[in-house]
Amino acid sequence: MKKNVLRLGIPKGSLEESTRNLFKKAGFSIGNSSRSYFPSIDDEDIEVLLIRAQEMARYVEDGVLDAGLTGQDWIQENAASVVEVSELVYGKQRRRPVRWVLAVPENSSIHSVKDLQGKRIATELVNATKRYLKKNHVKAEVEFSWGATEVKAPTLVDAIVELTETGSSLRANNLRIVDTIVESTTKFIANRSSWKNPWKKKKIKNIALLLTGALNAEEKVGLKMNVRKRDVPKLLKLIPALKKPTVSELTEKNWCAIEVIIDENIVREIIPQLKDFGAQGIVEYPLNKVIC
């Protein structure tokens, strides 16, 4: 039996596929069996468990897991005492924070939190919703929703508090957003006792470094090109970069090679300009990780 094993929780559900993809870019291959809650991973020092994000922080706090990925919303909801190792801004669809929003039917008379006085609200995020109401000096009934929350208003409740990335599902159910209760991003968290273990702490930090590097690379690409020495100064003014571009001399006299990492969304604009400025042999290539 191995002495050192890190028990790592991966979120089961909406974040599962994007989390697997992120780990793959970070260099870890996690098995994809829909029937197993204990998928394989190509690292003998790690044991992976699939756990609902809602429960992850509690299991990490209790030491059932050494580390895991879950939302800041569920850390707060469970009042979990854990080490927040790193923030990983990704979601099911987009790389941005998700929101828990207060929503009501389109024709509802509720237009602000004050209009919730004496009303009934359904949500999974009960504690955060109660804190929100208390902060706004509103008394309302908050009930836990076991699912299908979006279809409960107005038949069963007056309002809901639901998670959204784009708001499209709410609109599809004829709901409008009144306010944002909580914004949340994914956090890589660790058990406090595990964090005091030198081997586990190092392993967790290494995983966090690779995951962060994989996320950093998602919206960037590399560019390589050959340039006459006389054209280098004007090209360097044109090229934005994480740091100064790498410039190296070529064996061919009076020519240099330039290599740079830039945001992918400007490539289509900058490549024609580079060509106009005299760059040749321009190569664009994808990145797996960018370690800052």
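Before reading on, note that the structure itself is shown above.
Residues numbered from 1 in each chain as written. Predicted model: local features only at pLDDT ≥ 70, side-chain atom pairs only at ≥ 80, totals over all residues. Heavy atoms only, no water.

**Q** Would you mind going over the nonpolar core with me for this structure?
**A** One broad rule of soluble globular proteins: the nonpolar side chains tend to lie buried together. L8, I10, F23, L69, F188, I207 and L211 are the most contacted members of the largest nonpolar core, which totals 26 residues. In this structure, L116, I121, L133 and V178 belong to the second largest nonpolar core, which totals 21 residues. (Core = buried A, V, L, I, M, F, W, Y, C linked by side-chain atoms within 4.5 Å. Buried < 20%, exposed > 50% of the residue type's maximum accessible area, 1.4 Å probe, protein only.)

**Q** Even after reading the chapter, I still don't get the pattern of salt bridges, so can you show me in this structure?
**A** Side chains that carry opposite charge are capable of pairing whenever their charged atoms lie near each other. In this structure the tally under the stated criterion is 14 salt bridges. Between E55 and R58 there is a salt bridge whose closest N-O contact spans 3.6 Å. In this pair, E55 and R58 are both assigned in helix α2 (residues 53-62), 3 residues apart and thus about one turn of the helix distant. On the basis of relative accessible area, E55 is assigned to the partly exposed category, the value being 24%. With relative accessibility at 33%, the residue R58 sits in the partly exposed group. (Salt bridge = Lys/Arg side-chain N within 4 Å of Asp/Glu carboxyl O. Helix = DSSP H or I, 4+ residues; strand = E, 2+ residues; numbered from the N terminus.)

**Q** When you look at the environment of K224 in this model, what are you seeing that I'm missing?
**A** Relative to the helices and strands, K224 resides in strand β11 (residues 220-228). Along the primary structure K224 and V260 are separated by 36 residues, whereas in three dimensions their C-alpha atoms are 6.7 Å apart.

**Q** Can you help me understand the sheet that holds strand β4 (residues 83-88) in this one?
**A** Within the open sheet, the 5 strands sit side by side as β2-β1-β3-β10-β4. Their pairing is mixed. Here the strands that pair on one side only, and so sit at the sheet edges, are β2 (46-52) and β4. Averaged over all neighbouring strand pairs, the angle between strand axes comes to 30 degrees, with direction disregarded. The sheet contact formed by strand β1 (residues 6-12) and strand β3 (residues 67-71) spans 2 bridges and is parallel. (Pairing = 2+ DSSP bridges. Axes fitted to C-alpha atoms, helices over the stretch in contact; angles between N-to-C directions.)

**Q** For this particular structure, what's the right way to read the sheet that holds strand β8 (residues 159-164)?
**A** Within a beta sheet, neighbouring strands are joined by backbone hydrogen bonds and run either parallel or antiparallel to one another. Spatially, β7-β6-β8-β5-β9 is the arrangement adopted by the 5 strands of the open sheet, whose pairing is mixed. The outermost strands of the open sheet, each flanked by one partner alone, are β7 (141-144) and β9 (175-184). Going from strand to strand, the sheet's axes swing by 25 degrees on average, the running direction of each strand aside. Two strands pair when backbone bridges link them, and strand β6 (residues 120-123) and β8 are joined in this way by 3 bridges, in the parallel orientation.

**Q** Please clarify how the packing of helix α1 (residues 16-26) against helix α7 (residues 198-217) should be interpreted in this entry.
**A** At a minimum axis distance of 8 Å, the contact between α1 and α7 shows a crossing angle of 100 degrees. By the angle between their axes, α1 is roughly perpendicular relative to α7. Seen from α1, the contacting residues are L22, F23, K25 and A26; seen from α7, they are I207, L210, L211, A214, L215 and A217. Per-class residue counts for the contact of α1 with α7 are 9 nonpolar, no polar and 1 charged. (Parallel < 35°, antiparallel > 145°, perpendicular 65-115°, else oblique. Contact = heavy atoms within 4.5 Å. Nonpolar A, V, L, I, M, F, W, Y, C, P; charged D, E, K, R; others polar.)

**Q** Mind showing me how you'd approach the layout of surface pockets here?
**A** It is a probe the size of a water molecule, rolled over the atoms, that shows where empty space is left. Reported here for the second largest pocket is a volume of approximately 160 Å³. Taken together, R52, Q54, E55, R58, W74, E77, N78, E124, F144 and W146 make up the lining of the second largest pocket. Counting only elements with at least two residues in the lining of the second largest pocket, the list comes to α2 and α3 (72-77). Split by residue class, the lining of the second largest pocket holds 3 nonpolar, 2 polar and 5 charged. (1 Å grid on protein atoms, 1.4 Å probe; cavity = no way out; pocket = protein on both sides within 12 Å on 5 of 7 lines; lining within 4 Å. Points joined across faces, edges and corners; volume = space filled by probe spheres on them.)

**Q** Mind showing me how you'd approach the packing of aromatic side chains here?
**A** Under the counting rule described, the total for this entry stands at 3 aromatic pairs. Geometry around Y37 places K12 over its ring, the cationic atom sitting 5.2 Å from the centre. (Phe/Tyr/Trp six-rings, centres within 6.5 Å; stacked < 30°, edge-to-face > 60°. Lys NZ or Arg CZ within 6 Å of the ring centre and 35° of its normal.)

**Q** Looking at this model, I keep getting lost on the environment of K114. Mind explaining?
**A** Here K114 is to be found in the loop between β5 (98-105) and β6. Judged by its relative accessible area of 48%, K114 is partly exposed. For the pair K114 and L133, spaced 19 residues apart in the sequence, the C-alpha separation amounts to 8.9 Å.

**Q** Any chance you could explain the pairing of strand β13 (residues 255-263) here in plain terms?
**A** Taken residue by residue, a regular strand's side chains alternate between the two faces of the sheet. Relative to β13, β11 is paired through 9 bridges, and the arrangement is antiparallel. Within the sheet, the bridge partner assigned to K220 lies in β13 and is D263. Here strand β12 (residues 246-249) pairs with β13 via 4 bridges, running antiparallel. Bridge pairing in β13 links S248 to A257. Count of turn residues in the β12/β13 antiparallel hairpin: 5 residues, of which N254 carries a positive phi of about 70 degrees.

**Q** Got a minute to help me understand helix α9 (residues 267-276) in this structure?
**A** Among all positions in α9, only V267, I270 and L274 are buried. Considered in projection along α9, the buried side chains sweep an arc of 70 degrees and stay on one side of the axis. For α9, exposure combined with an orientation more than 90 degrees from the buried face picks out R268, K275 and D276. Just past α9, the residue G278 takes up positive phi, approximately 105 degrees. (Arc of directions from axis to C-beta.)

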